[in-house]
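For reference, the chains in residue letters:
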Number of protein chains: 4
Amino acid sequence: MCGIVGIVDAGGVSFPLYYALYALQHRGQESTGISTFDRRPFVHKGRGLVAEVFDEQILGRLRGTVGIGHVRYPTTGANLPENIQPFNFVFREHTLSLAHNGNLVNTNALRTCYEQDGQIFCTTTDSEVIATIIAHEIRRSGSVEDAVGVAMQKLQGSYSVVLTLDDALYAFRDPLGIKPLCIGRTRSGYIVASESVAVDALNGTLLRDVAPGELVRVTENGITSTQLAISDRRAHCMFEFVYFARADSVIDGTLVYDARRKIGEELFLGAPMDADMVAPVPDSGTAYAIGYSQASGTPYLEGLMKNRYMGRTFIMPDQQMRENAVRIKLNPIKKHLENKSVVLIDDSVVRGTTSRRLIDIVRDAGARQVHLRVGSPPIVAPCYLGVDFPTRTELIASSRCTEEVKDLIHADSLYHVPLCKMVEAIGIDVGNLCTACLTGQYPVEVPGECCDARCVEFQKGSVQTRLDVE
Amino acid sequence: MCGIVGIVDAGGVSFPLYYALYALQHRGQESTGISTFDRRPFVHKGRGLVAEVFDEQILGRLRGTVGIGHVRYPTTGANLPENIQPFNFVFREHTLSLAHNGNLVNTNALRTCYEQDGQIFCTTTDSEVIATIIAHEIRRSGSVEDAVGVAMQKLQGSYSVVLTLDDALYAFRDPLGIKPLCIGRTRSGYIVASESVAVDALNGTLLRDVAPGELVRVTENGITSTQLAISDRRAHCMFEFVYFARADSVIDGTLVYDARRKIGEELFLGAPMDADMVAPVPDSGTAYAIGYSQASGTPYLEGLMKNRYMGRTFIMPDQQMRENAVRIKLNPIKKHLENKSVVLIDDSVVRGTTSRRLIDIVRDAGARQVHLRVGSPPIVAPCYLGVDFPTRTELIASSRCTEEVKDLIHADSLYHVPLCKMVEAIGIDVGNLCTACLTGQYPVEVPGECCDARCVEFQKGSVQTRLDVE
Amino acid sequence: MCGIVGIVDAGGVSFPLYYALYALQHRGQESTGISTFDRRPFVHKGRGLVAEVFDEQILGRLRGTVGIGHVRYPTTGANLPENIQPFNFVFREHTLSLAHNGNLVNTNALRTCYEQDGQIFCTTTDSEVIATIIAHEIRRSGSVEDAVGVAMQKLQGSYSVVLTLDDALYAFRDPLGIKPLCIGRTRSGYIVASESVAVDALNGTLLRDVAPGELVRVTENGITSTQLAISDRRAHCMFEFVYFARADSVIDGTLVYDARRKIGEELFLGAPMDADMVAPVPDSGTAYAIGYSQASGTPYLEGLMKNRYMGRTFIMPDQQMRENAVRIKLNPIKKHLENKSVVLIDDSVVRGTTSRRLIDIVRDAGARQVHLRVGSPPIVAPCYLGVDFPTRTELIASSRCTEEVKDLIHADSLYHVPLCKMVEAIGIDVGNLCTACLTGQYPVEVPGECCDARCVEFQKGSVQTRLDVE
Amino acid sequence: MCGIVGIVDAGGVSFPLYYALYALQHRGQESTGISTFDRRPFVHKGRGLVAEVFDEQILGRLRGTVGIGHVRYPTTGANLPENIQPFNFVFREHTLSLAHNGNLVNTNALRTCYEQDGQIFCTTTDSEVIATIIAHEIRRSGSVEDAVGVAMQKLQGSYSVVLTLDDALYAFRDPLGIKPLCIGRTRSGYIVASESVAVDALNGTLLRDVAPGELVRVTENGITSTQLAISDRRAHCMFEFVYFARADSVIDGTLVYDARRKIGEELFLGAPMDADMVAPVPDSGTAYAIGYSQASGTPYLEGLMKNRYMGRTFIMPDQQMRENAVRIKLNPIKKHLENKSVVLIDDSVVRGTTSRRLIDIVRDAGARQVHLRVGSPPIVAPCYLGVDFPTRTELIASSRCTEEVKDLIHADSLYHVPLCKMVEAIGIDVGNLCTACLTGQYPVEVPGECCDARCVEFQKGSVQTRLDVE
């Protein structure tokens with residue numbers, strides 16, 4: 001769960017990268033970095049938000065017409081400065097900068113393999129393993145295309161990657177297309193980014209998604225594409241659509257907002273009821289609730305107001321305050337809720353603790369009934385491919401039926417969108433989605449888990465195609 | 001446009017003040033401060049957000065069971081550290097801490113008067129003038145009640161004030177009740193704050209508003225009230241309801257969200273039309289748009305998505321980027337807007353430049369028609385009482401009819417809620433609202449402006465009443 | 001114990017003030033500030049060293065050709081931002097900025113007096129009292145000369161002050177000249193500063209000291225002097241010469257280094273002995289030790305090396321580390337000390353604890369004998385005039401004879417310079433020095449202390465003289 | 001030019017490392033870091049001084065009874081966070097932390113060699129090359145002793161290294177012993193550090209230097225030594241003695257202060273003259289000047305006072321101020337210098353620009369004659385082994401005789417200590433010193449330079465010896 005961006009622009013890339021990272025900030029708030037190249041690398045990285053890490057002076061020093069950027073989600077063991085991306089590697093007078101979104105499942109095996117050959121690593125990240133393979137292969141063949149082709153054969157898991165090799169920008173996406181990556185055109189260049197909102201931030205035009213298994217080379221003159229691997233099926237992460245991506249992003253052809261709104265409709269159609277109001281858990285529940293309201297005619301009304309200023313540093317010194325923190329973040333509007341039968345809509349239920357607290361708050365505020373509707377089916381299995389879910393035992397639905405969960409979270413009724421309806425709303429064939437967290441069937445082999453593996457064919461003599469743009 | 005809070009709590013006040021200021025953060029993001037008292041004053045203030053200025057260690061040092069806090073809106077000449085509130089004044093071994101929301105219109109006359117008597121001032125603020133009068137009178141009479149009574153006779157303008165004189169907490173509001181101020185009860189104490197959301201943040205109960213012209217003394221045992229001035233009419237700022245306050249606040253008996261929703265209904269009823277969708281300018285337009293949708297049946301759909309991470313430090317080095325900044329803050333959802341007839345709802349039109357940019361963006365995104373609906377009547381006159389409007393000539397509606405404004409902002413149609421309907425929605429008699437920015441009739445005398453002055457009678461032998469709480 | 005500076009310079013004053021404050025940094029490391037004037041005041045202040053509080057951008061914003069600056073010594077109750085000097089006061093459209101070095105002894109009486117008249121104070125500092133009197137009197141008479149004249153009659157204690165009234169720079173010194181203040185000429189203006197090293201920092205020429213009781217007005221065209229008070233005797237602080245001032249400063253006609261060197265000679269002549277080496281306690285003991293070495297022929301050799309990087313934030317979590325901190329700050333050179341008879345020279349003995357630790361360290365490093373020689377007579381009484389001595393009971397010499405002190409600090413012998421010899425070395429008649437901490441006889445009246453008061457005559461019709469410079 | 005330290009202490013190492021780094025701060029002020037190990041690595045690093053980068057909370061988090069630290073001198077290309085030492089590398093579930101002082105001359109060849117095998121590098125530092133070799137060899141043989149042995153065969157240049165492999169602390173020094181490294185015993189553990197002052201800071205006992213070519217393993221129980229390489233001659237850097245090390249350090253058996261004092265004596269004996277005073281360029285010239293004074297009888301008197309607060313951030317916006325900066329840093333004491341014949345003593349002359357400015361300042365202050373005496377012979381050749389000298393053409397003495405240099409720097413006379421006398425003062429045989437910057441004869445092969453290579457024999461079956469401590 002990170003955001004990546006690569007830009008080529010004759011007018012300089014540091015400010016465009018900054019704006020694009022701003023648009024991707026929701027994908028990671030822990031740290032951020034930008035790496036540009038103008039005969040030598042220019043790098044600045046730091047902990048905190050994009051607005052905190054960069055200022056005008058710093059951006060002014062990041063010279064060059066090509067560069068990449070990264071925002072990072074907080075994960076454990078992440079407080080080492082060397083773990084902040086983009087990573088820079090040096091070999092044979094070349095500089096390889098790389099930013100990665102995703103998660104490998106065979107990191108340890110690959111590390112061991114390279115450590116056998118004497119490689120030592122500067123970080124514990126899977127991203128460094130990706131860079132190592134690519135650098136090894138570039139050294140051998142001299143070709144980035146061949147190198148990424150070999151990497152795709154070795155890497156198992158999710159990886160959307162932007163990289164610069166000196167002044168050349170490349171981007172590629174794993175053969176299953178698990179994590180999003182799209183291409184846009186700006187007034188004076190091109191952009192590759194995790195979500196289309198980054199293209200919008202530069203007032204650019206979304207051209208298309210990077211295809212699963214595709215490598216693109218981006219220059220000021222256009223985009224050259226090489227299809228390095230072809231899978232019989234895709235495995236787009238469904239969680240991008242229900243929670244992680246911004247609602248105004250278009251991912252793999254689907255407007256996220258649309259998918260959520262349609263799911264909202266299904267939440268009514270699948271469990272019709274006569275309530276006084278439908279209220280979202282802001283902000284992620286909003287589009288669902290609008291869809292629900294339109295399908296049902298139940299009035300859409302905000303029941304919980306979000307405090308826009310809650311940040312990472314909110315202080316909660318004791319247990320009572322921690323309990324109270326949800327209330328400071330989401331304030332119930334008593335007058336809206338009093339004596340009402342409320343349909344409350346959230347995108348997902350993970351541990352269930354937040355749901356329980358919110359339902360309690362809504363009820364304390366006077367609601368007569370609280371019916372929780374959820375934009376995703378029950379999450380029953382962990383994610384190994386980039387979403388920071390807890391372990392299986394901590395997932396409330398992994399060992400409980402919906403009725404049990406309903407009681408635990410104090411809801412009057414609980415209804416999840418059925419998998420088939422969610423898939424329909426997303427508009428992508430179920431065979432092309434990763435629904436592992438909902439089904440326990442993983443699209444890649446994970447030790448100890450069931451695998452519904454996609455068959456991938458790697459292109460030996462891959463045909464390069466030149467993208468004709470407008 | 002600031003936020004103030006005062007708390008009495010046997011369990012210590014620094015953390016409750018912190019949470020309350022968090023809830024009031026929308027009223028001011030430039031600087032913040034807390035002052036507590038435990039035999040001597042403890043003060044911490046700084047520039048930035050509440051989350052940036054305070055940490056657990058600092059809060060731990062702010063000892064005492066009584067204290068006040070302030071968040072400040074950025075205004076000119078504000079970058080001196082001594083201008084950050086609460087202010088602390090020392091006289092005769094007493095410490096007077098004071099935080100003020102509002103704006104006086106006779107500051108200069110009062111300053112001159114006291115300067116004649118030799119007083120020198122440490123700041124250029126009107127808040128210091130308030131403190132000076134109170135301190136002078138306390139010295140003379142020894143009574144805070146008498147002192148605030150004299151102050152109310154001298155001060156002209158808007159002032160909601162919390163103050164501590166050593167370990168006693170007081171709060172008062174000008175005789176016209178221009179700026180809001182309310183009282184709440186918490187588990188172990190009391191809170192006085194600009195908006196009820198601060199009471200909610202402590203999981204407290206809103207008791208009532210401080211009455212115009214009332215002084216309350218707050219102790220752990222309850223609240224003592226003294227009515228120091230009585231006006232025949234009030235002058236509650238209507239802009240609190242249409243823009244400034246949080247939608248989930250209850251001000252002078254009215255839930256802000258309710259007022260906005262009802263205005264939204266009027267925006268349809270007054271100018272009915274058949275559009276494809278109604279979209280708010282987030283976040284302030286949301287409640288209006290929901291009301292519009294419910295009255296009209298026009299589908300509510302977000303057309304502009306707000307970037308939640310735009311902060312004070314967003315960098316815009318050149319004109320092109322400044323133009324683009326609105327787009328980064330509010331991203332149009334093309335698929336929602338394409339080929340649609342869109343009703344766009346905003347709370348107000350001030351200079352008109354933002355409206356024009358937003359309408360352009362919506363139209364660029366494919367909207368066939370853009371009809372702007374505005375939650376307040378045209379703003380034609382400056383505010384001298386605390387809202388940071390520009391000068392009269394910069395107000396787009398001050399010298400133009402709605403038709404002209406419509407053309408200037410590129411709208412297909414433009415409709416403002418009529419004053420009478422807005423008043424009806426707020427639910428307060430028009431005679432008790434300040435509508436000076438809409439009518440040019442000011443509730444207090446302002447040199448060069450028309451005055452619709454309220455008649456205030458000051459209570460000489462004011463009767464103290466003890467508030468029975470629960 | 002603070003440092004002050006005022007500069008007039010046609011080429012701008014912010015950078016010169018910065019350099020001058022750098023040169024005065026030894027007089028105060030807690031906080032610093034600069035105030036300039038160019039039609040309106042420009043102020044920047046903060047906690048920390050000059051290098052930490054200012055940067056090029058900030059200095060660029062401090063416009064104007066006149067300004068003042070301050071460095072502040074850490075004292076109790078000082079952590080309020082409003083206590084950082086220079087102070088700015090506003091009255092009748094004038095801005096009074098003021099920076100003060102010294103300490104009043106009748107602050108409370110003066111405060112009470114002005115509080116009777118209704119004045120309230122923003123700080124608890126004596127500096128604000130000075131500003132209040134001056135502002136009151138300027139209001140009354142319109143003349144800064146008259147106002148400072150009245151102030152000198154009311155103020156008791158030490159005060160060297162620089163102030164700007166709008167764009168006019170003034171400086172004055174109490175009638176006894178307790179704290180230093182000198183005037184210098186630079187290439188394009190004038191400077192008034194606590195010590196001549198600030199003049200040196202601008203490559204300027206030291207013109208003379210501000211005379212006790214003198215007020216100077218400094219403009220780009222020269223200096224106008226008004227003698228407002230004349231005392232029959234002066235009371236220059238002797239501690240400036242023995243410890244506080246930089247050795248390379250010239251104060252009231254005496255090079256500090258010279259005074260210390262001559263005292264060092266006396267330390268041998270008064271207690272001649274045959275030692276192997278003489279070593280200073282760096283840095284303040286250096287000049288004394290050089291003098292001792294020259295008079296005695298005893299080799300000068302450093303026995304303790306000072307760590308140049310010890311700052312305010314050195315961490316000492318437990319008692320053992322606190323004991324060890326002296327050792328990290330001052331490292332003994334074993335090879336120099338082993339088996340030697342060492343004369344160790346320090347400027348003064350206050351509590352005696354540091355002396356004991358240093359002597360222990362020198363002895364642990366192998367010294368056979370440690371003979372402490374002290375550049376000032378025993379300190380037996382507290383200072384009320386600006387030196388941060390502890391209370392009388394904490395002064396080791398206040399109730400003990402030298403023999404007792406010698407034993408307590410583990411010295412083999414202890415010899416202080418006699419008062420008469422110190423005075424001779426300073427080169428100022430004893431009647432013109434303040435030696436209160438050595439004799440208990442104070443030059444101004446202090447409740448409960450003996451007074452050897454100087455007789456001051458205030459000049460009614462004081463004659464202004466224009467200073468002819470070069 | 002960096003400082004390194006490694007500590008084993010049963011009571012925890014973070015605070016001892018902090019104090020030791022404080023004592024080594026003079027060896028590098030740009031950045032600093034600490035790495036400890038307690039089942040997993042704990043690391044904190046940052047730009048700035050030790051006092052700025054660490055606080056009590058941070059040190060509290062650095063758990064473990066073994067750890068290393070580093071202070072870094074500012075060099076070009078150093079502003080990347082990943083370049084701050086200690087470096088951490090991960091391979092096969094081991095964590096290798098490493099801190100390095102010195103400079104390799106065959107970095108590029110070694111990098112290329114490993115890049116051939118596919119290794120990619122995260123930094124451009126030679127330190128990472130050292131770690132790579134060691135990690136490779138540990139992987140192969142499993143033995144740190146063997147790995148460091150191989151490394152010593154491959155590495156050419158200077159390297160004093162401390163490293164931890166998980167919870168084991170090792171230290172080694174290149175076979176020529178170019179950079180210093182010593183071992184000390186503390187109350188509850190052991191310390192290895194660049195200079196003995198770090199041992200002193202912990203109140204420890206200096207045991208001995210790490211021998212050239214020696215690897216020591218340090219545990220709580222003692223020190224195990226393995227001699228991995230033996231050279232027929234050593235090449236201790238003479239510049240440590242004349243400039244870089246603290247005067248109170250003992251390096252390879254010589255007290256630095258002693259060496260400088262003796263050189264000072266030689267500066268008189270070799271060019272006897274009758275001057276009025278001898279003054280050091282503080283602080284490095286002090287010990288020389290004391291020696292000169294003792295040998296000559298010329299009075300030692302400070303002519304230039306150093307401002308103790310000049311830091312890295314001193315602002316000099318224009319050329320005039322840059323010229324003036326030396327004056328702010330070193331203030332001439334006019335009264336000492338006026339009309340005097342002055343012997344000014346500095347440790348070295350590099351570019352000559354600082355010497356010229358200082359001589360001008362001394363002369364401007366009134367000195368009749370200024371005779372420069374220099375504690376090192378003329379520097380004629382660049383250093384490739386760790387001292388940050390400029391290029392050969394920038395070295396003023398590289399192409400000029402002393403007479404020419406004398407004129408260029410405006411001295412009345414100029415005398416350098418002869419090489420043989422300097423060597424005598426240091427007390428180490430000339431064959432065991434590196435004097436390359438004085439002679440152009442390098443102790444290791446450097447392309448394009450003359451080599452006076454030492455013959456090193458690598459120990460195959462190296463005998464481990466257990467160090468008997470006390």
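What counts, and at which threshold
Residues numbered from 1 in each chain as written. Chains lettered and ligands numbered in written order. Predicted model: local features only at pLDDT ≥ 70, side-chain atom pairs only at ≥ 80, totals over all residues. Helix = DSSP H or I, 4+ residues; strand = E, 2+ residues; numbered from the N terminus. Rg over C-alpha atoms; globule rule 2.2 N^0.38 Å. Buried ≥ 20, exposed ≤ 12 C-beta atoms within 10 Å, placed from the backbone. Contact = placed C-beta atoms within 7 Å. Least-squares fit on C-alpha atoms with pLDDT ≥ 70 in both. Nonpolar A, V, L, I, M, F, W, Y, C, P; charged D, E, K, R; others polar. UniProt positions renumbered as here; feature names shortened; annotations may be inferred. Pairing = 2+ DSSP bridges. Axes fitted to C-alpha atoms, helices over the stretch in contact; angles between N-to-C directions. Right-handed = clockwise from strand over helix to strand, strands pointing away.

What follows deals with the overall build of chain A. Helix and strand counts for chain A stand at 16 helices and 28 strands. The globule rule puts the C-alpha radius of gyration for 470 residues at 23 Å, and the 23 Å found for chain A is close to it. Across its three principal directions, the C-alpha atoms of chain A cover 70 × 50 × 45 Å. Here chain A, with 470 residues, has 58% of them falling under the buried criterion. Sequence-distant contacts in chain A: of pairs separated by 6 or more residues, those separated by 24 or more amount to 70%.

This brings us to the arrangement of the chains. Contact between chain A and chain C is absent, and the least distance between their C-alpha atoms amounts to 11 Å. If you take every C-alpha in chain B and every C-alpha in chain D, the smallest gap between them is 12 Å, and the two do not touch.

Moving on: the relation of the copies chain D and chain C. Expressed as a screw transformation, the operator carrying chain D onto chain C has a rotation angle of 180° and an axial translation of 0.0 Å, and the superposed copies differ by an RMSD of 0.0 Å. Within this description, the copies of the chain are treated as partners about a two-fold rotation axis. It is D:R308 whose C-alpha, among those of chain D, lies nearest the rotation axis, at 3.7 Å. A share of 100% of the interface residues of chain D reappears at the interface of chain C, consistent with the copies meeting face to face through the same patch.

In this section: the interface of chain D and chain C. Between chain D and chain C, the contact holds 43 residues from the first and 43 residues from the second. Secondary-structure elements contributing two or more residues to the side of chain D that touches chain C are helix 1 (14-23), helix 3 (56-61), helix 7 (196-201), helix 9 (256-269), helix 10 (286-296) and helix 11 (319-329) of chain D. Here the side of chain D that touches chain C takes 5 residues from helix 1 of chain D, the largest share from any one element. In terms of residue class, the side of chain D that touches chain C is built from 25 nonpolar, 9 polar and 9 charged.

So, about the UniProt feature "active site" (unreviewed entry) in chain A. Residue and element names in this part refer to chain A. Mapped onto this structure's residue numbering, the UniProt feature "active site" (unreviewed entry) falls at C2. Note on placement: C2 falls in strand 1 (residues 2-9). Setting aside anything within four residues of it in sequence, one finds C2 in contact with R27, G28, H70, V71, R72, Y73 and N101.

Now for the interface of chain A and chain B. At the interface, 43 residues of chain A touch 43 residues of chain B. Contributions of two or more residues to the side of chain A that touches chain B are made by helix 1 (14-23), helix 3 (56-61), helix 7 (196-201), helix 9 (256-269), helix 10 (286-296) and helix 11 (319-329) of chain A. Top contributing element to the side of chain A that touches chain B by residue count: helix 1 of chain A, with 5 residues.

Quick look at the sheet that holds strand 4 (residues 66-72) of chain A now. Residue and element names in this part refer to chain A. Pairing is antiparallel across the open sheet formed by 7 strands, whose spatial order is 3-2-4-1-10-9-11. Strands at the two margins of the open sheet, each flanked by one partner only, are strand 3 (40-47) and strand 11 (205-209). Here the strands of the sheet are splayed against their neighbours by 15° on average, with no regard to which way each runs. With 6 bridges connecting them, strand 2 (residues 31-38) and strand 4 associate as antiparallel partners. Looking across to strand 4, one finds that I34 is bridged to G69.

Of the residues making up helix 6 (residues 144-154) of chain B, those classed as buried are B:V144, B:A147, B:V148, B:G149, B:A151 and B:M152. Those residues of helix 6 of chain B that are buried are in contact with helix 5 (126-141), strand 7 (160-165), strand 8 (168-173), strand 12 (214-219), strand 14 (229-231) and strand 27 (456-458) of chain B.

What follows deals with the pairing of strand 21 (residues 341-346) of chain C. Residues and elements named next belong to chain C. Taken across its 6 residues, strand 21 has 5 buried, putting it largely inside the fold. Two strands pair when backbone bridges link them, and strand 18 (residues 277-280) and strand 21 are joined in this way by 4 bridges, in the parallel orientation. In the sheet register, M277 faces strand 21, and the bridge partner there is V342. Relative to strand 22 (residues 369-374), strand 21 runs parallel, the two being bridged by 6 bridges. Bridge assignment links V342 to a residue of strand 22, and that residue is V370. Handedness of the crossover joining strand 21 and strand 22 through helix 13 (residues 353-364) is recorded here as right-handed.

Right, let's talk about helix 10 of chain D for a bit. Three or four residues apart is the spacing at which side chains of an α-helix point the same way, because the helix has 3.6 residues per turn. All names here are of chain D. Buried residues dominate helix 10, accounting for 9 of its 11 residues. The set of residues buried in helix 10 consists of T286, A287, Y288, A289, I290, G291, Y292, S293 and S296. Along its buried surface, helix 10 packs onto helix 9, strand 18 (277-280), strand 21 (341-346) and strand 22 (369-374). G297 occupies a position one or two residues after helix 10 and carries a positive phi of about 80°.

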